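Reading the structure
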Amino acid sequence: MGDRGFTENRVVALATLLLLAAMAAFALALGLWPATPPATAAAPGGGTFLGVASCSGSTCHGRQEADGRIVRQDELMRWQEPSTPGGAHSRAFSILSNARSRAIAGRLGIGDATASATCLGCHSAPAASRGPRFQAADGVGCESCHGAASGWISAHYAVGANHKRNVALGMTALDDPRTRASVCLDCHFGSADQGQFVNHRIMAAGHPRISFELDLFSTLQQHHDEDGDYALRKGRTNNVRFWAVGQAMALERALNLYANPRLGQEGVFPEFYFFDCHTCHRRIQDGDEAIRTGIRNPARPIPEGMPAFNDESMIMLSAAIRVAAPGMASRFDADSRAFHAGLAQDRATAVAAAAKLRASTTALAATFSSAGFGRDQTFAIIETIASEAISPRFTDYEGSVQAVMAVDTLLNALVNAGQVNGGAAGSIRADINRAYAAVRDPNDYRPLEFRRALGGAVRTIRTLR
């Protein structure tokens, strides 16, 4: 099996996990839309969304064959592919008409989901300015990720065009991991904009669980080839860097939204969307021989029985920071523990602690954005995720899912960089799949079994070193 075969098998395994566990909203419900693109990428005056049709010419991105000289030119066909996660963005609007979506809308009392602002913020492109060819029914189209096209659509295919110029005219710089993560997180975690925050009420009404991992999501949605031309225009993608920066940006976003007074509270309760589902959603034991269903997490200094903030990205960052930025590790871990402790006191204390942790996380994202993440570092991060310093924190489902995705993502990065032979990596696919199997069913999650499965996969990966 070559490198391509390993990557394809990885995509199949990851897509299967996401679908079976109902954890990746892009495969089941959500689209991807940058509510407020970074200031460096904003089109003058906000720009006008011209619609998918403006990109669909056969000399542009509407070909049936990937035979373009510079870009594939079959991008729209891949975006529309009905049988793969790669076509999920084009299905984002139409899925609002299915039985599940109608039931969710009915429970929430929001009327028709296809016309509700609660849904359209992510299931379409909520453009303030729309051109005559724009169709909301296109779902999450080209401009949802690449930015409103009115300022750059003509310039980006002109003779002498270059990526830097396109970005200056309003195209979103998705080759920058922090920019890409910010775009993705608007829907694949949430933003403060209308229709882009899936609160606990929406989840309780039946919406799929939200999960995010930047490098994985990028792989599933990729519609370009990283050939020599791509590298010349934008540079090679460092998959480990995208993974690490994505984890930091996800935590930064969660903390920022938690501190938002409009989103952090739901009546007299905290907004439970931010908390780890499985710290509350456990079996209730009333009998004399009740069995304890939870395991104490050493990194969460909170009283027994309290819901815990979802710390999946904190766990991954604690592993990455020990390898790639050890000088920042003690501060980050201390700030993480202080935030959890603050949650056990009162909201003011927790918000103050969130601000400190957010500052540490923002600094970490900047550090990771320029880190090299070579072969030895990647192997070391894989080892650290399953180490005694980190693995005792895999007490709940969300963190464990992130761990197995991370190990697979990091191994795939080694293959993509030519640092590990794809055939050799493919031979240990079964070990990784056993770790996936341990988290396939969120209602049958067993932490100790997961740790053993993850450890076995990592020990096998170690042989490649």
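Residues numbered from 1 in each chain as written. Predicted model: local features only at pLDDT ≥ 70, side-chain atom pairs only at ≥ 80, totals over all residues. Heavy atoms only, no water.

**Brief notes about the overall build of the chain**
What counts is decided by this rule: In this description a helix means any DSSP run of H or I spanning at least four residues, a strand means any run of E spanning at least two, and both kinds are numbered starting from the N terminus. In what follows, a contact means two residues having at least one pair of non-hydrogen atoms within 4.5 Å. Accessibility throughout is a Shrake-Rupley quantity obtained with a 1.4 Å probe, and a residue counts as covered only by protein chains that appear here.
When helices and strands are counted, the chain shows 20 helices and two strands. In the chain, the share of contacts with a sequence separation of at least 24, taken over all contacts with a separation of at least 6, comes to 76%. Accessible surface computed for the chain: about 19,800 Å², of which carbon and sulfur atoms make up 53%.

**Topic: the state of the cysteines**
Selection criterion: The disulfide definition used here is simple: a pair of cysteine sulfur atoms within 2.5 Å.
Per the counting criterion, the structure on display carries one disulfide. Bridging cysteine 122 to cysteine 187, the disulfide has an S-S length of 2.1 Å. Note on the cysteine 122 and cysteine 187 pair: the S-S dihedral is about -105 degrees, so by sign convention the disulfide is left-handed. Taken as a pair, cysteine 122 in helix H5 (residues 117-123) and cysteine 187 in helix H8 (residues 177-188) lie far apart in primary sequence, 65 residues in all.

**Quick word on unusual backbone geometry**
The line we're drawing: Here the term buried applies to any residue with accessible area under 20% of the maximum for its type, exposed to any over 50%, and partly exposed to those in between, with areas from a 1.4 Å probe on protein chains only.
In the Ramachandran plot, glutamine 73 falls in the positive-phi region, its phi being about 75 degrees despite a non-glycine side chain. As for its placement among the helices and strands, glutamine 73 is situated in the loop between helix H2 (25-28) and helix H3 (75-80). In this model, phenylalanine 373 sits at a positive phi of 50 degrees, which is unusual for a non-glycine residue. Relative to the assigned elements, phenylalanine 373 resides in the loop between helix H15 (347-369) and helix H16 (375-385). Phenylalanine 373 sits in the buried class, given a relative accessible area of 4%.

**Points about the environment of arginine 465**
Summarising the element assignment, arginine 465 is placed in the segment after helix H20 (447-462). By relative accessible area, arginine 465 is classed as partly exposed at 46%. Not counting the four nearest positions on each side in its chain, arginine 465 is found in contact with Arg375, Asp376, Phe379, Ala380 and Glu383.

**Here we look at the nonpolar core**
The line we're drawing: Here, nonpolar core means buried Ala, Val, Leu, Ile, Met, Phe, Trp, Tyr and Cys residues that are tied together by side-chain atoms lying within 4.5 Å of each other.
By size, the foremost hydrophobic cluster in this structure holds 93 residues, and its most contacted members are Phe339, Phe368, Ile385 and Phe394. Considering each element in turn, this core owes the most residues, 13 residues, to helix H12 (residues 239-259). Every residue in contact with phenylalanine 394, bar those within four places of it in the chain, is listed here: Ile315, Met316, Ile385, Gly399, Ser400, Ala403, Tyr445, Pro447, Phe450, Arg451 and Leu454.

**Quick look at H8**
Burial of H8 is extensive: 11 of the 12 residues sit out of reach of the surface. In the stretch just after H8, glycine 190 is the one whose phi turns positive, near 145 degrees.

**Observations concerning helix H19 (residues 429-437)**
Filter applied, for reference: The directions considered for the arc run from the helix axis to the C-beta atoms.
What H19 keeps buried is the set Arg429, Asp431, Ile432, Ala435 and Tyr436. The buried residues of H19 occupy an angular sector of 165 degrees when the element is viewed end-on, so they sit on one face.

**Section: the packing of helix H13 (residues 312-324) against H15**
The cut-off we apply is this: Each axis is a line fitted through C-alpha atoms, taken for helices only over the stretch in contact, and angles between the N-to-C directions span 0 to 180 degrees. If an angle is under 35 degrees, it is roughly parallel; if it is over 145, roughly antiparallel; if it lies from 65 to 115, roughly perpendicular; otherwise it is oblique. Crossings are assigned a handedness: left-handed for a near helix turned anticlockwise from the far helix by less than a right angle, right-handed for a clockwise turn. Lys, Arg, Asp and Glu make up the charged group, whereas Ala, Val, Leu, Ile, Met, Phe, Trp, Tyr, Cys and Pro make up the nonpolar group; the residues left over, Gly among them, are polar.
The geometry of H13 relative to H15 is characterised by a closest axis approach of 12 Å and an angle of 50 degrees between their N-to-C directions. When the axis of H13 is compared with that of H15, the two are oblique. Here H13 runs over H15; the crossing is left-handed. Taken together, the residues of H15 that come into contact with H13 (itself represented by Met314, Leu317, Ala320, Ile321 and Ala324) are Leu357, Thr361, Leu364 and Phe368. For the contact of H13 with H15, the residue count by class is eight nonpolar, one polar and no charged.

**Comments concerning the confidence of the model for the chain**
Using the following cut-off: Predictor confidence is given residue by residue as pLDDT, running from a minimum of 0 to a maximum of 100.
Averaged over all residues, the pLDDT of the chain equals 87, while 90% of them reach at least 70. Long-range and interchain partners of residues 16-45, a stretch whose pLDDT sits below 50, account for 102 contacts in this model, where long-range means more than four residues apart.

**A closer look at the pattern of salt bridges**
The condition that has to hold: Salt bridges, as used here, are contacts in which a Lys or Arg side-chain nitrogen is within 4 Å of a carboxyl oxygen on Asp or Glu.
This structure, assessed with the given rule, holds 18 salt bridges. Of the charged contacts, one joins arginine 300 and aspartate 311 as a salt bridge, the two residues approaching to 3.0 Å between their closest N and O atoms. On the criterion of sequence distance, the pair formed by arginine 300 in the loop between strand E2 (269-270) and H13 and aspartate 311 in the loop between E2 and H13 is long-range, its members being 11 residues apart. Across the pair arginine 300 and aspartate 396 runs a salt bridge whose closest N-O atoms are separated by 2.7 Å. Of the two residues, arginine 300 sits in the loop between E2 and H13 while aspartate 396 sits in the loop between H16 and helix H17 (397-416), which places them 96 residues apart along the sequence. Each member of the pair, arginine 300 together with aspartate 396, is buried. One salt-bridge network, in which partners are shared between bridges, spans Asp276, Arg282, Arg300, Asp311 and Asp396.

**Quick word on the packing of aromatic side chains**
The following threshold applies: We call Phe, Tyr and Trp rings a pair once their centres come within 6.5 Å, taking the six-membered ring for Trp, and we label the pair stacked below 30 degrees between planes, edge-to-face above 60, and tilted otherwise.
For the coordinates displayed, the defined rule picks out 18 aromatic pairs. Considering the side-chain rings of phenylalanine 212 and phenylalanine 217, the 5.6 Å spacing of their centres and the 75 degrees angle between planes classify their relative orientation as edge-to-face. When its relative accessible area of 6% is taken as the criterion, phenylalanine 217 is described as buried. Between tyrosine 397 and tyrosine 445, the ring centres sit 5.9 Å apart and the planes meet at 80 degrees, which makes this aromatic pair edge-to-face. Here the residue tyrosine 397 occupies a position in helix H17, and tyrosine 445 occupies one in the loop between H19 and H20, the gap between them amounting to 48 residues. With a relative accessible area of 13%, tyrosine 445 lands in the buried category. Clustering of aromatic rings is evident, with ring pairs tying together Phe189, Phe197, Tyr258, Phe269, Phe272, Tyr273, Phe274, Phe275, Phe309 and Phe339.

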